[in-house]
Amino acid sequence: MTKPIVEMENVKKYFPIRGGVFSRVVGNIKAVDDVSFSINKGETLGLVGESGCGKSTLGRTILRLLEPSGGQVFFKGNNIFETEKHEFQKLRRELQIIFQDPYSSLNPRLNVGEIIGESLEIHKISSGKEKQKRVEYMLEVCGLAPHHHRRYPHEFSGGQRQRVGIARALTLNPDFVVADEPISSLDVSIQAQIVNLMEDLQEKFGLTYLFISHDLSMVRHISDNVAVMYLGKIVEICGKSELYDNPLHPYTQALLSAVPVMDPDAKSQRIILKGDVPSPANPPEGCNFNPRCRYAEKRCRLEEPELREIDSGHLVSCHLVEKG
Ligand code: SF4
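Residues numbered from 1 in each chain as written. Predicted model: local features only at pLDDT ≥ 70, side-chain atom pairs only at ≥ 80, totals over all residues. Heavy atoms only, no water.

**Q** Quick rundown of the overall build of the protein? Include the residues and the values.
**A** What the protein contains, in helices and strands, is 10 helices and 12 strands. Counting over 324 residues, the protein shows a buried share of 48%. Considering only contacts within the protein whose residues lie at least 6 apart along the sequence, 63% involve residues at least 24 apart. Charged side chains of the protein number 40 positive and 42 negative; the gap between the two group centres comes to 5 Å. (Helix = DSSP H or I, 4+ residues; strand = E, 2+ residues; numbered from the N terminus. Buried < 20%, exposed > 50% of the residue type's maximum accessible area, 1.4 Å probe, protein only. Contact = heavy atoms within 4.5 Å. Lys, Arg positive; Asp, Glu negative; His and termini not counted. Charge placed at Lys NZ, Arg CZ, Asp CG, Glu CD.)

Now the structure itself:
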């Protein structure tokens, strides 16, 4: 049986709101609020939701790029949030991130060899010829030519820059990679190439991904399991086929209804969500989806639903969904 490599328990990331003369904390923006799930080794968990739902904040909090406000994350049994800073630096090699924007995430003053090789020097893994060999190998496996190490980021197209970003993330041979909207700033024609490259690299290096995206078609392509996030919370999580064939949460149903269908005979009924995502600084009482939910009833405005297992491995937080 495949074992979880990453396990999250009640992860929270709050940003304080300050006000008054003494700049006291008067409230919190609950960007990530009590999130728990696990990812098996070698698998991909797709994390979807509208912009501002907390997906990227969660990805960065897991890697401690943002200080967590609560909860625990275990990576290979080590509690990442409680590891001392110097110990965490060692662990950091195995935990990497691919950023959304390949334009701003690469230092324009460094050439590609320096960008990819930087972490090898920082972690004192290799330098000189050995480092050069590793850089050239990473360029090659990411679909670029070894001699590209002399070039600067501005000499590449968007897709090539994202390949450089991926090579940089993988050069330390990590086990777990957070891919934070890795295709959203690329041309549609390039997006599939990058996702295919990520799949090939996953197989080659046995990688585990948290793939954050609002593109449900791409998430379906690459993921084993999918989690749907709304206003800082997971509202549904299950296997990919189960989610796309049998979405149970009204929010998931609305998101999926907006995905274009390839079959011209298939009838899809678009569910239009009312209003905008409420502010996480002032979330609604009860179920936080209730102001936009077409099924909302009195109970939904009073009681917050729990994330419950409805069917084997299928968890949903909605009062109206019955156990199968
Ligand atoms: Fe809609 Fe109520 Fe379910 Fe929330 S608990 S998703 S408001 S039906």
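**Q** Tell me about the pairing of strand β6 (residues 95-98), and please be specific about residues and values.
**A** Of the two faces of β6, the one carrying L95 and I97 and the one carrying Q96 and I98 are both buried. Pairing of β6 with strand β7 (residues 176-180), which is carried by 4 bridges, proceeds in the parallel orientation. Note that in β7 the partner of I98 across the bridge is A179. (Pairing = 2+ DSSP bridges.)

**Q** Hey, could you go over the site of the ligand for me, with residue numbers and the actual values?
**A** Near the ligand you find H249, P250, C287, F289, N290, C293, Y295, A296, C300, C318, H319 and L320, and these make up its full shell. Of the residues assigned to the shell around the ligand, the class counts are 9 nonpolar, 3 polar and no charged. (Near = heavy atom within 4 Å. Nonpolar A, V, L, I, M, F, W, Y, C, P; charged D, E, K, R; others polar.)

**Q** Tell me what's going on with helix α6 (residues 188-205), and back it up with residues and numbers.
**A** Between its terminal C-alpha atoms α6 stretches 26 Å, which fits the 26 Å expected from 18 residues at 1.5 Å a residue. Those residues of α6 that sit buried are Q191, I194, V195, L197, M198, L201 and Q202. Viewed along the axis of α6, the buried residues span an arc of 160 degrees, placing them on a single side of the element. Turned more than 90 degrees off the buried face of α6, the exposed positions are S189, D200, E203 and K204. A positive phi of about 65 degrees marks G206, the residue just after α6. (Expected span 1.5 Å × (residues − 1). Arc of directions from axis to C-beta.)

**Q** Which residues make up the pairing of strand β9 (residues 225-230), and what are the values?
**A** The buried count for β9 comes to 5 of 6 residues, which makes it a mostly enclosed element. Note: strand β3 (residues 44-48) against β9, 4 bridges, orientation parallel. Considered in β9, the bridge of G46 is made with V226. Examined bridge by bridge, β9 and strand β10 (residues 233-239) share 6 bridges and lie antiparallel to one another. Bridge pairing in β10 places V228 opposite E236. Linking β9 back to β10 in an antiparallel pair, the connection comprises 2 residues, with L231 at a positive phi of about 50 degrees.

**Q** Pulling in residues and values, what's your account of the environment of I183?
**A** The topology assignment puts I183 in the loop between β7 and α6. For I183, a relative accessible area of 2% puts it in the buried group. Placed 10 residues apart in sequence, I183 and Q193 show a C-alpha to C-alpha distance of 9.6 Å. Not counting residues up to four positions away in its chain, the partners in contact with I183 are Q191, I194, V195, F211 and M218.

**Q** Please give an account of the confidence of the model for the protein that cites residues and values.
**A** Caution is warranted with low-pLDDT regions, since their predicted coordinates should not be read in detail. Here the protein averages 92 in pLDDT, while 97% of its residues score no lower than 70. Between the elements of the protein, mean pLDDT differs from a low of 88, seen in helix α2 (residues 85-92), to a high of 98, seen in strand β8 (residues 208-212). (pLDDT = per-residue confidence, 0-100.)

**Q** Can you explain the side chain of H149? Please cite residues and give values.
**A** Here H149 lies in the loop between α4 (128-141) and α5 (158-170). Apart from residues no more than four positions distant in its own chain, H149 is found in contact with N111, V112, G113, Q132, V135, E136 and L139.

**Q** Could you give me a rundown of the pattern of salt bridges, with the residues and numbers involved?
**A** Per the stated rule, a full pass over the model turns up 13 salt bridges. Notably, a salt bridge pairs R292 with E50, separated by 3.2 Å at the nearest N-O pair. One end of the pair, R292, is in the loop between α9 (250-257) and α10 (298-302); the other, E50, is in the loop between β3 and α1 (55-62), and 242 residues separate them in sequence. Salt-bridge contacts for K131 lead to E121; the nearest nitrogen and oxygen are separated by 2.9 Å. Here K131 is found in helix α4, whereas its partner E121 is found in helix α3 (residues 112-122), with 10 residues between them in sequence. Residue E121 is classed as partly exposed on the basis of its relative accessible area of 41%. (Salt bridge = Lys/Arg side-chain N within 4 Å of Asp/Glu carboxyl O.)

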